[in-house]
Amino acid sequence: MSPRLSESDLRKLRRELHRRPEPSGAEKATAARIAQILTVLGVDEIRTGLGGHGVAAVLEGGAGDGPTILLRADLDALPIPDRTGKDWSSTVPGTGHMCGHDGHMTILTGVIDRLLGELDGLAGRIVALYQPAEEIAHGARAVLDDPAFRELEPDYVCALHNLPGFPTGAVILREGTFASASRGLILRLHGETSHAAHPEDARTPAPALAALIDGLTALPQLVTPLEQAALVTVIHAELGEIAFGTTPGEAVVMATLRAHRDAEMERLGEAALRLAEGTARTWNLDWEHEWVEVFPACPNQAELVHCLAEVADVLELPVIRPAVPFPWSEDFGAFLQRYPGVLFGLGAGEEHPQLHSSRYDFPDELIEPGIELFSGLVRRLLGVD
Ligand SMILES: [Zn+2]
Ligand SMILES: [Zn+2]
């Protein structure tokens, strides 16, 4: 069976997905459309409803037993208006595929189409997963926790993300950590209001809030070894109400913590809570905390990185190896914590608008190299010739 989707079919599909974006956790129509395409392509086994709206195509090789390799794309769009001005702009106000997940889904669909014709020469199983809710660090874990996923348990996992700022079609590879761990911290401080003329009768969180903004920002250099990087970015703070007659009694501060490794993230998180505890005690405040959007780091297995470099070489795609991990996060880390695997980048153009910019649009030139990189890796891991 030869591929049924031409290059122009794939571009059409990418633009169709771009036109109808759905936010994280609400990818219902996107998932239904993907399942429909997989049926038309002739995929025998399609799982839906994985960890929410996740969809998986299961392809069995015809050449006997072998490992299971999971390839992942992401289904969700972002709460960002589409200002690309393209004919295929988002038709949903305030929502857009501004991270290129429309392109990632198209690539995975192209891979399935191509591999369906090669199953006789493959020993093992391919699980092509369209994962929901990547942007909110929820979907990967939800899929992993879904009992239905247990039957699809992989031996290897692989995902790609397009990366503006790198030459179009360049393959960005890194052994060890590829993308950093990150998590959001919400600290709420509870005191007691008073008349503004009598702050001595209040328990104001004002000095604690100021100390926490400074203290959190300074934490990385105090708890992280020199050879490891960490970062705390205070992203929001609020104190009392706008009422000139009132000493405030409530405050909240929010920060994003980042680290190259999960071990450093643990240390940083514990130090942040100790700082909050001490500061609250100093100013006689009650306090509570909440962790949100917890992304583990993405550690890449050296052997698979090596394999992909060889595939890139055959395809004559340039390989770029960044000296340090990327500071952003990917919830594919939840898979990489559990299974050996690789997350790699595909250059989207040095001058291309950045991910999450309202002018960003997935470059269609990446569809073909993306398909060939994934397919090449599968052939290397499952091929019998
Ligand atoms: Zn994104
Ligand atoms: Zn993304």
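Residues numbered from 1 in each chain as written. Chains lettered and ligands numbered in written order. Predicted model: local features only at pLDDT ≥ 70, side-chain atom pairs only at ≥ 80, totals over all residues.

Peer 1: Quick question: what am I supposed to make of the overall build of the protein here?
Peer 2: Within the protein one finds nine helices and 16 strands. Against the globule reference of 21 Å for 385 residues, the protein gives a C-alpha radius of gyration of 24 Å, in line with a compact fold. Seen along its three principal axes, the alpha-carbon backbone of the protein occupies a region of about 80 × 45 × 40 Å. For the protein, with 385 residues in total, the buried portion stands at 48%. (Helix = DSSP H or I, 4+ residues; strand = E, 2+ residues; numbered from the N terminus. Rg over C-alpha atoms; globule rule 2.2 N^0.38 Å. Buried ≥ 20, exposed ≤ 12 C-beta atoms within 10 Å, placed from the backbone.)

Peer 1: Please explain the domain arrangement of the protein as it appears in this structure.
Peer 2: Accessible area lost during the coming together of the parts is what is often quoted as the interface size. For the protein, the assigned domains read domain 1 (7–180 + 297–382) and domain 2 (183–295). Contact residues are listed per partner, giving eleven residues for domain 1 and nine residues for domain 2. Broken down by class, the residue content of the side of domain 1 that touches domain 2 amounts to five nonpolar, four polar and two charged. (Domains from an automatic or database assignment. Contact = placed C-beta atoms within 7 Å. Nonpolar A, V, L, I, M, F, W, Y, C, P; charged D, E, K, R; others polar.)

Peer 1: What's the story with the sheet that holds strand 8 (residues 181–190) in this structure? I'm lost.
Peer 2: Strands pair in a sheet through their backbones, by hydrogen bonds, and they do so in one of two ways: parallel or antiparallel. What the four strands build is an open sheet, ordered 10-12-8-13; its pairing is antiparallel. Among the strands making up the open sheet, the edge pair consists of strand 10 (230–239) and strand 13 (286–295). Put simply, the sheet's adjacent strands are angled 15° from each other on average, direction ignored. (Pairing = 2+ DSSP bridges. Axes fitted to C-alpha atoms, helices over the stretch in contact; angles between N-to-C directions.)

Peer 1: Which parts of the structure should I look at to understand helix 3 (residues 101–116)?
Peer 2: End to end, helix 3 covers 23 Å across 16 residues, agreeing with the expected 22 Å (1.5 Å per residue, within 8%). Most of helix 3 is tucked away, with 15 of its 16 residues classed as buried. (Expected span 1.5 Å × (residues − 1).)

Peer 1: What is the right way to read the sheet that holds strand 2 (residues 54–60) from this model?
Peer 2: Spatially, eight strands are ordered 1-2-4-3-5-16-6-15 in an open sheet, and the strand pairing comes out mixed. Here the strands that pair on one side only, and so sit at the sheet edges, are strand 1 (45–50) and strand 15 (319–320). Relative to strand 2, strand 1 runs antiparallel, the two sharing five bridges. Bridge assignment links T48 to a residue of strand 2, and that residue is V55. Across the sheet, helix 3 lies against strand 2, strand 3 (68–74), strand 4 (125–131) and strand 5 (156–163), angled at about 145° from strand 3, the strand it touches most. Together, strand 3, strand 4, strand 5, strand 6 (171–172) and strand 16 (341–347) form the strand contacts of helix 9 (residues 367–382), whose direction differs from that of strand 5 by roughly 160°.

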